[in-house]
Amino acid sequence: MSSQEAVGDIGLIGLAVMGQNLILNMNDKGFKVVAFNRTVSKVDHFLENEAKGTNVIGAHSIEELCKKLKRPRKIILLVKAGPAVDDFIKQLEPFLEKGDIIIDGGNSHYPDSNRRMDELEKKGLLFVGSGVSGGEEGARYGPSLMPGGSDAAWPAIKEIFQKTAAQTDGEPCCDWVGQAGSGHYVKMVHNGIEYGDMQLICEAYHIMKAILGMEESEIADVFERWNKGVLDSFLIEITRDILRYNDKDGKPLVTKILDAAGQKGTGKWTAINALDLGQPVTLIGEAVFARCLSSLKAERVRASKVLGGPQIAPFEGDKKQFIDDLEQALYASKIISYSQGFMLMREAAKEYNWKLNYAGIALMWRGGCIIRSVFLGDITNAFRKNQNLENLLFDDFFNKAIHKAQPGWRRIIAQAAISGIPTPAFATALSFFDGYRTAQLPASLLQAQRDYFGAHTYRRLPESATDEFPADKDIHTNWTGRGGNVSASTYLA
Ligand code: NBP
């Protein structure tokens, strides 16, 4: 095949829902895409149907795909995460040359992307692991793209990525995230935050239904109103529409759906990583556990017959005030969730030696993806004002917002507890907030307990500048007079 045939700007492997839509999107933006798929018959089917009349080029083998691409070759994989990605990388390698770029756009776990970049760079190839969010519609009309990996790849893919991504306020929802698996890491945290946002909305729905006795259509009206204020977001918008969707008998479809939540694992990965890095990302953790609890449907039904709770009396308070409080509770909890998410990314950057672009991350999430919201514009501004912001809660805007929300937030959680309505995400957000703003926690007692039973040692608070116990000295006390003076080796959680 002559070099004249190397006309493709980018190749894409994987003609399922995401791949097909992303190809059509890139084609609309003026790029020539070469398409390939494991089941090769899908290539011709795609060209004869969805891609008919476009500039998309088909390839019927990996070799043909590579020959049809301009150098440096850029090939996006949009296939099932896991071994399929490694298989395709292996198949591509013999047909690639130094400087060519393999981009994995699937939902890969970031350690796999770390490994793939290392392996490919050793062979002179470049690797990008890119989070892609926004589902089918995002892929077709503008997803949020979160690329990270070999730094040298960014200049070569920047134009294609930024033109293909969603645009918000004139800016692309795509920027370079950082090194190695950081793109997939940021996508993982995005998905974790998505779990949290969804759980918070479900708790607000539950409270309106159970405490205020509201019907779905009335709750939809509340979500519609909230969508015009600080909570303006894709997830609030679709919740409004879901609550208004009626089944054939005219009853809301949502009331007929089995209340057992599924999950694909990215929320769990985020929570596990938070535990590994010792970061209190409690809201995402609770959101994952809430899905686990929901899935114990049969057991919950049995428990509901033997475990009593308070009787919920008809609500006699100020309903408007209560709904306003609920909006503030949702907003404040969301601020906590994002604060925790950014704490986690900051720690990951330290641990994995990445330079993360926090304002850029918030901007990438501002449009195109499932957690897109006006709120993310405020987070972008906070990090643009101060790149080294220690925590979102230290930013003036969010500090004021959370103080304003606090009284209503507390009233909602108190009322839910009194009524026996579970609010794992609202409540953990408030507990985190109260813990974070408390200078002296009861962990002194905990340290004493650990030293008492396991000689794990503790450190003393300095009493004065000339304190005989320096702050970094590990001390063991013989609490009972029976133990010896030997202490356990120290370790930090
Ligand atoms: P799927 O995740 O359903 O994957 C389908 C593609 O993977 C097809 O091209 C299929 O080829 C190929 N494939 C499979 Br399945 N097993 C393979 C194997 N062992 N070797 C080689 N190819 C294999 O498609 P999708 O829903 O379009 O998602 C693509 C990627 O994007 C996934 O990683 C997904 O997690 C991620 N993602 C999806 C969404 C979404 O909303 N769907 C959103 C964001 C990210 P075949 O045609 O020959 O079977």
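Above this text sits the structure in question.
What you see is a predicted model, and the numbers here were worked out from it, not measured in a lab. (Residues numbered from 1 in each chain as written. Predicted model: local features only at pLDDT ≥ 70, side-chain atom pairs only at ≥ 80, totals over all residues. Heavy atoms only, no water.)

S.K.: Where do I start with the side chain of Lys334 in this structure?
M.R.: The topology assignment puts Lys334 in helix α14 (residues 319–352). Apart from residues no more than four positions distant in its own chain, Lys334 is found in contact with Asp197, Leu200, Leu231, Ser233, Ser373 and Phe375. (Helix = DSSP H or I, 4+ residues; strand = E, 2+ residues; numbered from the N terminus. Contact = heavy atoms within 4.5 Å.)

S.K.: Please explain the pattern of salt bridges as it appears in this structure.
M.R.: Close approach of charged atoms lets side chains of opposite charge pair. According to the stated counting rule, one finds 35 salt bridges in the structure shown. A salt bridge links Asp197 to Lys334, with the nearest nitrogen and oxygen atoms 3.5 Å apart. Separated by 137 residues along the polypeptide, Asp197 in helix α8 (residues 182–210) and Lys334 in helix α14 bring together distant segments of the chain. Both residues of the pair, Asp197 and Lys334, count as buried. Asp259 is the partner of Lys297 in a salt bridge, and the nearest nitrogen-oxygen pair spans 2.7 Å. Of this pair, Lys297 sits in helix α13 (residues 297–306) while Asp259 is found in the loop between α10 (234–244) and α11 (266–276), placing the two residues 38 residues apart along the sequence. Taking relative accessible area as the criterion, Asp259 reaches 35% and is therefore assigned partly exposed. (Salt bridge = Lys/Arg side-chain N within 4 Å of Asp/Glu carboxyl O. Buried < 20%, exposed > 50% of the residue type's maximum accessible area, 1.4 Å probe, protein only.)

S.K.: When you look at the site of the ligand in this model, what are you seeing that I'm missing?
M.R.: Not every one of the 19 residues close to the ligand is listed here, only the nearest: Met18, Asn37, Thr39, Lys42 and Val79. Here an oxygen atom of the ligand sits 3.4 Å away from a polar atom, N or O, in the main chain of Val17. Contact between the ligand and Met18: an oxygen atom at 2.9 Å from a main-chain N or O atom of the residue. Isolated, the ligand exposes 900 Å² of accessible area, and the fraction of that covered by the protein chains is 73%. Those elements that provide at least two residues to the shell around the ligand are α1 (17–28) and α4 (83–92). Partitioning the shell around the ligand into residue classes produces 10 nonpolar, six polar and three charged. (Near = heavy atom within 4 Å. Polar contact = N/O pair within 3.5 Å; in protein donor to acceptor, adjacent residues only side chain to side chain. Areas by Shrake-Rupley, 256 points an atom, 1.4 Å probe, with all protein chains shown as cover. Nonpolar A, V, L, I, M, F, W, Y, C, P; charged D, E, K, R; others polar.)

S.K.: Looking at this structure, how should I read the sheet that holds strand β1 (residues 10–13)?
M.R.: Two orientations exist for strands paired in a sheet by backbone hydrogen bonds: parallel and antiparallel. With respect to topology, seven strands assemble into an open sheet ordered β3-β2-β1-β4-β5-β6-β7, the strand pairing being mixed. In this open sheet, the two edge strands, each paired with only one partner strand, are β3 (57–58) and β7 (144–149). In terms of strand pairing, β1 meets strand β4 (residues 74–77) through three bridges, oriented parallel. Considered in β4, the bridge of Leu12 is made with Ile76. (Pairing = 2+ DSSP bridges.)

S.K.: Honestly, empty space enclosed by the protein in this entry has me stumped. Any pointers?
M.R.: Rolling a probe over the atoms, with the probe sized like a water molecule, indicates the empty space that remains. By the definition in use, this model includes four cavities of 30 Å³ or more. In terms of lining residues, the largest cavity is bounded by Asp197, Leu200, Ile201, Leu231, Ser233, Leu235, Ile236, Leu330, Lys334, Ile370, Ile371 and Arg372. Elements represented by at least two residues in the lining of the largest cavity include exactly α8, α10 and α14. The leading source of residues in the lining of the largest cavity is α8, at three residues. Tallied by class, the residues present in the lining of the largest cavity amount to eight nonpolar, one polar and three charged. Contributing to the lining of the second largest cavity are Leu22, Met26, Ile76, Ile103, Gly105, Ser130, Val132, Leu145, Ile160, Phe161 and Thr164. Sorting the residues of the lining of the second largest cavity by element identifies α1, β6 (126–133) and α7 (154–164) as the ones contributing at least two each. A total of three residues in the lining of the second largest cavity trace back to one element, the largest contributor, which is α7. (1 Å grid on protein atoms, 1.4 Å probe; cavity = no way out; pocket = protein on both sides within 12 Å on 5 of 7 lines; lining within 4 Å. Points joined across faces, edges and corners; volume = space filled by probe spheres on them.)

S.K.: Please clarify how the environment of Gly99 should be interpreted in this entry.
M.R.: Here Gly99 lies in the loop between α4 and β5 (101–104). By relative accessible area, Gly99 is classed as partly exposed at 23%. Beyond its immediate stretch of four places on either side in the chain, Gly99 contacts Pro72, Gly124 and Leu126.

S.K.: Explain α10 here, please?
M.R.: Counting along an α-helix, one turn takes 3.6 residues, and residues three or four places apart therefore face a common direction. For α10, the set of buried residues is Phe234, Leu235, Ile236, Thr239, Arg240 and Leu243. Taken together, the buried residues of α10 touch α8, α9 (216–226) and α14.

S.K.: Even after reading the chapter, I still don't get the pairing of β1, so can you show me in this structure?
M.R.: The side chains of a regular strand alternate, first on one face of the sheet and then on the other. Neither face of β1 is open: one carries Ile10 and Leu12, the other Gly11 and Ile13, and all of them are buried. In terms of strand pairing, β1 meets strand β2 (residues 33–36) through four bridges, oriented parallel. When the sheet's bridge partners are listed, Ile13 is paired in β2 with Phe36. Once you follow β1 into α1 and on to β2, the crossover reads as right-handed. (Right-handed = clockwise from strand over helix to strand, strands pointing away.)

Read these as layout, nothing more, since geometry by itself doesn't imply function.
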